[in-house]
Amino acid sequence: FHNPNCADGRHTITHLFEWKWSDIAQECERFLGPYGYCGVQVSPPNENRVVTSPNRPWWERYQPVSYKLVTRSGNDQQFRDMVDRCNKQNIRIYVDVVMNHMTGSGGSGQGTGGSQWDGNSLSFPGVPFSSWDFNDASTCSTSDLNIHNYQNVQEVRNCRLVSLLDLKLSKDYVRTKVVEYLNYLIDIGVAGFRFDAAKHMWPADLYAITGQLKSLNTNYFPSGSKPFIYQEVIDMGNEPIKMSEYFGTGRVTNFVYGAKLSPVFRNQDQAKWLVNWGEGWGMPFSNDVIVFIDNHDNQRGHGAGGAVLTFRDSRRYKMATAFMLAHPYGFTRVMSSYYWDVNYVNGNDANDWIGPPTNGDMSIKDVFINSDLSCGNGWICEHRWRQIYNMVAFRNVVFGTSLVNWWDNGNYQIAFSRGNKGFIVFNLESYNLNTRLQTGLPAGQYCDVISGNYENGSCTGSSVTVNSDGTANFFIPTSAEDPMIAIHIGAKV
Ligand code: ARE
Ligand code: CA
């Protein structure tokens, strides 16, 4: 379950948060395939509660009503079309799976696919689940059945996360329904899963569930391939539940990564300490994690991970992302957001619920593509920023090489090579960088893929000359639009 199942030479996924299936299908064909991405994390595809107060928040999709594939992103047929078209472009689809719970308690209505649900009687006929299928006072010991104390493992796993009705995954019937859903997705051709709220599920239950998963669809994958699984476990080191409990069923989301890298690129922690970034900072083994700067929760103050960098602080965000993509540690995920107006009230964003850009009838807006490759209609599309997509390509080129030729100025200027294939240098100082550095690269002229693209054998941005001894002169003014330079052997003039 640790292998992402990427097509050859591809090593990064992007989370196209709240995108429609029809837009993702097009994005695979027009951008993700050609620009070297491995795949897409999609928002939960299964039927969810329709929340109208507030009006259609993004988080309604984390309140399942059934496992039918009908949401604001599209229906079953549109989902299948996306998976097929993306796989044909060598782009994989990873599904966000919400199986810890159903809707919040209380209320009733119809889901996005028309199924009835009742959060008072715990009835979800669209699956079907009934009150017997949920944890209750016999398994959860808090008086309101909600989680209050993250130091109590039993409570975290058997009680309700923010009042979400907690499924009894110890029960065979419940497991069977979840396994049916996952195998249904596998048969369609997905490459893997994000397990939402994995901290709130027992590792033994996940072990039993994943043990019943089929191999991937052989129309797209080698026979016997297992789905890639990455589990959402927020482990900042201060709770009894640890990431390591979940390595048996796949990788985990490493929230320490963005939390500790963000302050460095905010000049709050010297960049020179990144010399042993990764396991050296007490993080799990590279092959056990998926890494990212921000995610859909902590970019708006949900979840955890501290004050992470986001698209709103774009200059620093691009640098942190470039560092992530240049560094060998972890399997990398690039966040792709939509815009919303923040409104801080007592330190919290009162608009943290706002859903994706919508039309008048609250359907999700199409993603509009501008001539400069950027997006319109409220979609931020960080994955289409030049400094980011060129570093996705950098990672593909240098993959498998080790980090060598580390250099720092003792403070906020750093540089390193990836084998003899790539080199990157950052200037986070308030003064210019003007230095000769060992790049480890063969002599020649290279495009700086940060300031421009490599197109038809030449550079649209600046270029760097590597001498026969592997050294090159670097000049990065502190006022540079992006105070970093990256070169690699795939962009040699
Ligand atoms: C919404 C409303 C709630 C309401 C509930 C039920 O906001 O007020 O009670 O509905 O009606 C998302 C949103 C939630 C939303 C939920 C369902 O973030 O606000 O609730 O959808 O619509 C913990 C979990 C972690 C979880 C984060 C958010 O451990 O798994 O909280 N992250 C995932 C997803 C979220 C999603 C869910 C889980 C639920 O990524 O997008 O919620 O499916 C410490 C702990 C962390 C803990 C953190 C925050 O740091 O270490 O483990 O994270 O606090 O409590
Ligand atoms: Ca649970």
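Residues numbered from 1 in each chain as written. Chains lettered and ligands numbered in written order. Predicted model: local features only at pLDDT ≥ 70, side-chain atom pairs only at ≥ 80, totals over all residues. Heavy atoms only, no water.

In the nomenclature of an unreviewed UniProt entry, the protein corresponds to Alpha-amylase from the organism Sinanodonta woodiana. UniProt, in its Catalytic activity (unreviewed entry) section for the protein, records the words "Endohydrolysis of (1->4)-alpha-D-glucosidic linkages in polysaccharides containing three or more (1->4)-alpha-linked D-glucose units." In UniProt, the protein has this text filed under Sequence similarities (unreviewed entry): "Belongs to the glycosyl hydrolase 13 family." (UniProt positions renumbered as here; feature names shortened; annotations may be inferred.)

### Thoughts on the overall build of the protein
Secondary structure assignment for the protein yields eight helices and 26 strands. The C-alpha atoms of the protein give a radius of gyration of 23 Å, which matches the 23 Å a tight globule of 493 residues would have. Overall, the protein is about 75 × 45 × 45 Å in size when its C-alpha atoms are taken along their principal axes. Residue burial in the protein is summarised as follows: out of 493 residues, 58% are buried. Long-range contacts, defined here as pairs at least 24 residues apart, represent 68% of the contacts in the protein between residues at least 6 apart. (Helix = DSSP H or I, 4+ residues; strand = E, 2+ residues; numbered from the N terminus. Rg over C-alpha atoms; globule rule 2.2 N^0.38 Å. Buried < 20%, exposed > 50% of the residue type's maximum accessible area, 1.4 Å probe, protein only. Contact = heavy atoms within 4.5 Å.)

### A look at the nonpolar core
Judged by nonpolar contacts, the single largest core of 131 residues is most densely connected at Ile24, Phe79, Phe193 and Phe265. Those residues in contact with Ile24, other than ones at most four positions away along the chain, are Leu16, Trp19, Val40, Val42, Met82, Cys86 and Ile93. Counting residues in each nonpolar core, the second largest holds 15 residues, with Val464, Ile476, Ala480 and Ile487 among its members. (Core = buried A, V, L, I, M, F, W, Y, C linked by side-chain atoms within 4.5 Å.)

### Description of the coordination of the calcium ion (ligand 2)
Donor atoms from the polypeptide that bind the calcium ion (ligand 2) are Asn100 (OD1), Arg157 (O), Asp166 (OD), Asp166 (OD) and His200 (O), placed at 2.4 to 2.5 Å. In terms of primary sequence, the donors binding the calcium ion (ligand 2) are separated according to N-x56-R-x8-D-x33-H. Linking Asn100 in the loop between β3 (92–97) and β4 (101–104) with Arg157 in helix α3 (residues 153–158), this pair joins segments that are 57 residues apart in sequence. Given the relative accessible area of 3%, Arg157 is considered buried. (Donors = N, O, S within 2.8 Å, 3.2 Å for Na, K, Ca; no water.)

### Side note on the sheet that holds strand β8 (residues 192–195)
With parallel pairing, eight strands are arranged side by side around a closed barrel as β1-β2-β3-β8-β9-β10-β11-β12. Neighbour to neighbour, the strand axes of the sheet diverge by 30° on average, direction disregarded. The pairing of strand β1 (residues 12–16) with strand β12 (residues 331–336) spans five bridges and is classified as parallel. Note that in β12 the partner of Thr12 across the bridge is Thr332. (Pairing = 2+ DSSP bridges. Axes fitted to C-alpha atoms, helices over the stretch in contact; angles between N-to-C directions.)

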